2 protein chains.
Amino acid sequence: MNEQAIGIFDSGIGGLTCVREMNKLLPNENIVYFGDTARIPYGTRSRETIKLYAEQDIGFIRKHNVKMIIAACGTVSSTMGSCKDIDGIPFTGVVIPAVQAACAAARNGRIGVIGTPATIKSGAYGKAIRAIRQDTAVMGNACPMFVPMVENGLTDKDDIIVKTMVERYLKPIKKEKVDALILGCTHYPMLYDAIAEYMGEEVKLISAGAEAAKYALNVLTMKNMLNDSGEQGTNLFYSSDSIELFEENARSFMGEELNGQVRAVSTDELVKG
Amino acid sequence: MNEQAIGIFDSGIGGLTCVREMNKLLPNENIVYFGDTARIPYGTRSRETIKLYAEQDIGFIRKHNVKMIIAACGTVSSTMGSCKDIDGIPFTGVVIPAVQAACAAARNGRIGVIGTPATIKSGAYGKAIRAIRQDTAVMGNACPMFVPMVENGLTDKDDIIVKTMVERYLKPIKKEKVDALILGCTHYPMLYDAIAEYMGEEVKLISAGAEAAKYALNVLTMKNMLNDSGEQGTNLFYSSDSIELFEENARSFMGEELNGQVRAVSTDELVKG
């Protein structure tokens, strides 16, 4: 059982920031990753459509007999609420892990959250924060341009587009003097330098995807489900749009080649289950 | 037969620029519009995925017993090539209409084309232009950020983001001293003022969606298929994401309320046919 893979999915390539962290923390684990690149982005769609896509994604991931499922997508995580397992399979999104890290980091009880419009509209981060620390003030803002910016390589902190959009989206949060800021979408770590520079050193940035990887380590340890084969784990990637496009985007996103095979899955297969 | 509707589809709301023009030119015609808002954008996807989505969109439109089909989407039009009818139903994309207008407008034989990455990669506009005027020099550039900018309301010509992105994408085309520029994606007319200001008065801008409407008028006139009922036509809109989101985005896109009923169609229905 412990050699079963861990299933990770995202609307696209953003969740690869979680895979990278998993590979570091849990080098013996096998990973099956699905990026729904034929239907990205999720964050500007309605709640109903996001739920439908997430169900289909999970259906596909479950075909791989996984021992744990991670929704490495801020939008899906916010929409699914506080779900902890799926038919007995341990599950986590990125909300709870990020919120735990933020609550630990926030000394002054003021936390900022940025995410897609669907994520911010859901209020999921705020609810989860208040469940831990009732007195916390939460400042959220939607950043709809960040995903297309990252996907089109606009990430350089000195680029006027990047600087301007970061300032526009983060100004209302900075004004509130938060001391932790949750990057609530797994694309946003690619804008880390620009966000860090604007927010200043005293604000701790929390990357939702990386926190989810640490959380998975805890869950698997507690449940005695870690892969103890002693062998190096492998990554297997699936993409719903073309393999070439996935490899190309992943390379520019991660700044390195993908460390695993990529296979295609059609949206027809996702829909028909 | 002549009272049958005209079917128009797009990846989202961009094609509404074509509907508006149709309503002006052909006030007696009934329109069935489908915007695939649950799977937008098309322009950054692979050729195979775009073809699959276009087939499913056309399948859905055909259920409405239409007398003509218009792909009011630069990406779909570029991918479908020079298709002129679908099982006997007259069809047009936006490429041929835009190219005819550009060739008529370009005095110096130098034409610029902007579009989505998929459109520019297809080379469809260039091929169509050279089929009419072999000696034309065609300068194309992909503008992947324009669709997300338009969808997020970043269209004001004095906004630093709009100014900078317009300059970045159009600089290589302006340098080539074109005297006509095809806005090869039906979202781009929303950036008309910014593009016109940057390119200068002497460059004629061609809106692909509006040209497609004029072309449809020609086709229906020649084929004696105009609706001669004398009654005001109606618009019926379908959207694959939520009706509320479609109405909201359409309102901000068009600057006015939609003049017709909106109904939902699920992506499951599109896929299953």
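Keep in mind it's a predicted model, so treat the numbers as computed, not measured.

Q: Describe in detail the overall build of chain A, supporting the description with residues and values.
A: Looking only at helices and strands, chain A has twelve helices and eleven strands in total. Relative to the globule expectation of 19 Å for 273 residues, the C-alpha radius of gyration of chain A, 18 Å, shows essentially globular dimensions. Considered along the principal axes of its C-alpha atoms, chain A spans approximately 50 × 40 × 35 Å. Relative to its full complement of 273 residues, chain A shows a buried share of 52%. At a minimum sequence separation of 6, the contacts of chain A that also span at least 24 residues come to 77%.

Q: Please set out the domain arrangement of chain A residue by residue, giving values where relevant.
A: All names here are of chain A. According to the domain assignment, chain A consists of domain 1 (6-93 + 210-272) and domain 2 (96-208). Listed by partner, the interface residues are 29 residues for domain 1 and 24 residues for domain 2. Elements with a minimum of two residues in the side of domain 1 that touches domain 2: α1 (16-25), α2 (47-62), α3 (74-80), α10 (208-222) and α11 (243-254). With five residues, α10 is the single largest residue contributor to the side of domain 1 that touches domain 2. Each residue belonging to the side of domain 1 that touches domain 2 can be placed in one class, and the counts come to ten nonpolar, 14 polar and five charged.

Q: Tell me about the sheet that holds strand β3 (residues 68-71) of chain A, and please be specific about residues and values.
A: To summarise the sheet geometry, strands pair through backbone hydrogen bonds and adopt either a parallel or an antiparallel arrangement. Residue and element names in this part refer to chain A. The mixed open sheet is built from seven strands, whose spatial order is β4-β5-β3-β1-β2-β10-β11. Of all the strands in the sheet, the pair left with one neighbour each is β4 (85-86) and β11 (260-264). Pairing analysis gives two bridges linking β4 to strand β5 (residues 89-92), with the strands arranged antiparallel. Residue Ile-86 lies in a different strand from β5, and its bridge partner there is Ile-89. Lying over the sheet, α11 contacts β2 (31-35), β10 (235-239) and β11, oriented at roughly 140° with respect to β11.

Q: Give a detailed account of the relation of the copies chain A and chain B, specifying residues and quantitative values.
A: Note on the copies: chain A fits chain B at an RMSD of 0.0 Å, the axial shift is 0.0 Å, and the rotation between them is 180°. A rotation of that kind, with that shift, is consistent with a two-fold axis. By C-alpha distance to the rotation axis, the residue of chain A lying nearest is Arg-39 of chain A, at 2.6 Å. Taken together, the interface assignments show that 100% of the residues at the interface of chain A recur at the interface of chain B, consistent with an identical surface on both copies.

Q: Help me get a handle on the interface of chain A and chain B, residues and values and all.
A: At the interface, 20 residues of chain A touch 20 residues of chain B. Elements represented by at least two residues in the side of chain A that touches chain B include exactly α2, α8 (160-174) and α12 (267-272) of chain A. Grouping the amino acids of the side of chain A that touches chain B by side-chain chemistry returns nine nonpolar, six polar and five charged.

Q: Got a sec to walk through the pairing of β10 of chain A? Specific residues and values, please.
A: Residue and element names in this part refer to chain A. Of all five residues in β10, four are buried; the element is thus mostly enclosed. With five bridges connecting them, β2 and β10 associate as parallel partners. Bridge assignment links Phe-34 to a residue of β10, and that residue is Tyr-238. Direction of pairing for β10 relative to β11: parallel, over a ladder of five bridges.

Q: Outline the sheet that holds strand β1 (residues 6-10) of chain B, supporting the account with residue identities and numerical values.
A: All names here are of chain B. With respect to topology, seven strands assemble into an open sheet ordered β4-β5-β3-β1-β2-β10-β11, the strand pairing being mixed. Whereas interior strands pair on both sides, the edge strands pair on one side only; in this sheet they are β4 (85-86) and β11 (260-264). Here helix α2 (residues 47-62) sits on the sheet and contacts β1, β2 (31-35), β3 (68-71) and β4; the angle it forms with β2, its principal contact strand, is near 150°. In this fold helix α11 (residues 243-254) packs onto β2, β10 (235-239) and β11, with an angle of close to 140° to the strand it touches most, β11.

Q: Break down the packing of helix α8 (residues 160-174) of chain B against helix α9 (residues 192-199) of chain B for me, citing the residues and quoting the values.
A: Residue and element names in this part refer to chain B. As a packed pair, α8 and α9 sit with axes 10 Å apart at the nearest point and diverge in direction by 50°. The orientation of α8 with respect to α9, classified from their angle, is oblique. As α8 runs across α9, the sense of the crossing is right-handed. Contacts between α8 and α9 involve Val-162, Lys-163, Val-166, Glu-167, Leu-170 and Lys-174 from the first element and Ala-194, Ile-195, Tyr-198 and Met-199 from the second.

Q: Before we move on, could you go through α10 of chain A and cite the residues and values that matter?
A: Residue and element names in this part refer to chain A. With 15 residues, α10 ought to run about 21 Å at 1.5 Å a step, and its terminal C-alpha atoms sit 21 Å apart, in line with that. Of all the residues in α10, the buried ones are Ala-208, Gly-209, Ala-210, Glu-211, Ala-212, Ala-213 and Ala-216. Phi turns positive, to about 55°, at Asn-224, one or two residues after α10.

Q: Mind laying out the pairing of strand β9 (residues 204-207) of chain A, listing which residues take part and the relevant values?
A: All names here are of chain A. In this sheet, β9 lies alongside strand β8 (residues 180-183) in parallel orientation, the contact comprising four bridges. Among the inter-strand pairings, Leu-181 is bridged to a residue of β9, identified as Leu-205. A crossover connection joins β8 to the parallel β9 through helix α9 (residues 192-199); in handedness this β-α-β unit is right-handed.

Q: Tell me about unusual backbone geometry, and name the residues and values.
A: Of note, the amide linkage connecting Ile-40 of chain A to Pro-41 of chain A takes the cis form, showing an omega dihedral of -5°. Along the chain, Pro-41 of chain A falls in the loop between β2 and α2. Its identity as a non-glycine residue notwithstanding, Asn-65 of chain A has a phi of 50°, on the positive side. Along the chain, the position of Asn-65 of chain A falls in the loop between α2 and β3. Despite not being glycine, Asp-87 of chain B has its phi angle at roughly 50°, a positive value. Inspection of the secondary structure puts Asp-87 of chain B in the loop between β4 and β5 (89-92). The exposure class assigned to Asp-87 of chain B is exposed, which follows from the 7 C-beta atoms found within 10 Å.

Rules and cut-offs
- Residues numbered from 1 in each chain as written.
- Chains lettered and ligands numbered in written order.
- Predicted model: local features only at pLDDT ≥ 70, side-chain atom pairs only at ≥ 80, totals over all residues.
- Helix = DSSP H or I, 4+ residues; strand = E, 2+ residues; numbered from the N terminus.
- Rg over C-alpha atoms; globule rule 2.2 N^0.38 Å.
- Buried ≥ 20, exposed ≤ 12 C-beta atoms within 10 Å, placed from the backbone.
- Contact = placed C-beta atoms within 7 Å.
- Domains from an automatic or database assignment.
- Nonpolar A, V, L, I, M, F, W, Y, C, P; charged D, E, K, R; others polar.
- Pairing = 2+ DSSP bridges.
- Axes fitted to C-alpha atoms, helices over the stretch in contact; angles between N-to-C directions.
- Least-squares fit on C-alpha atoms with pLDDT ≥ 70 in both.
- Parallel < 35°, antiparallel > 145°, perpendicular 65-115°, else oblique.
- Left-handed = near helix turned anticlockwise from the far one by under 90°.
- Expected span 1.5 Å × (residues − 1).
- Right-handed = clockwise from strand over helix to strand, strands pointing away.

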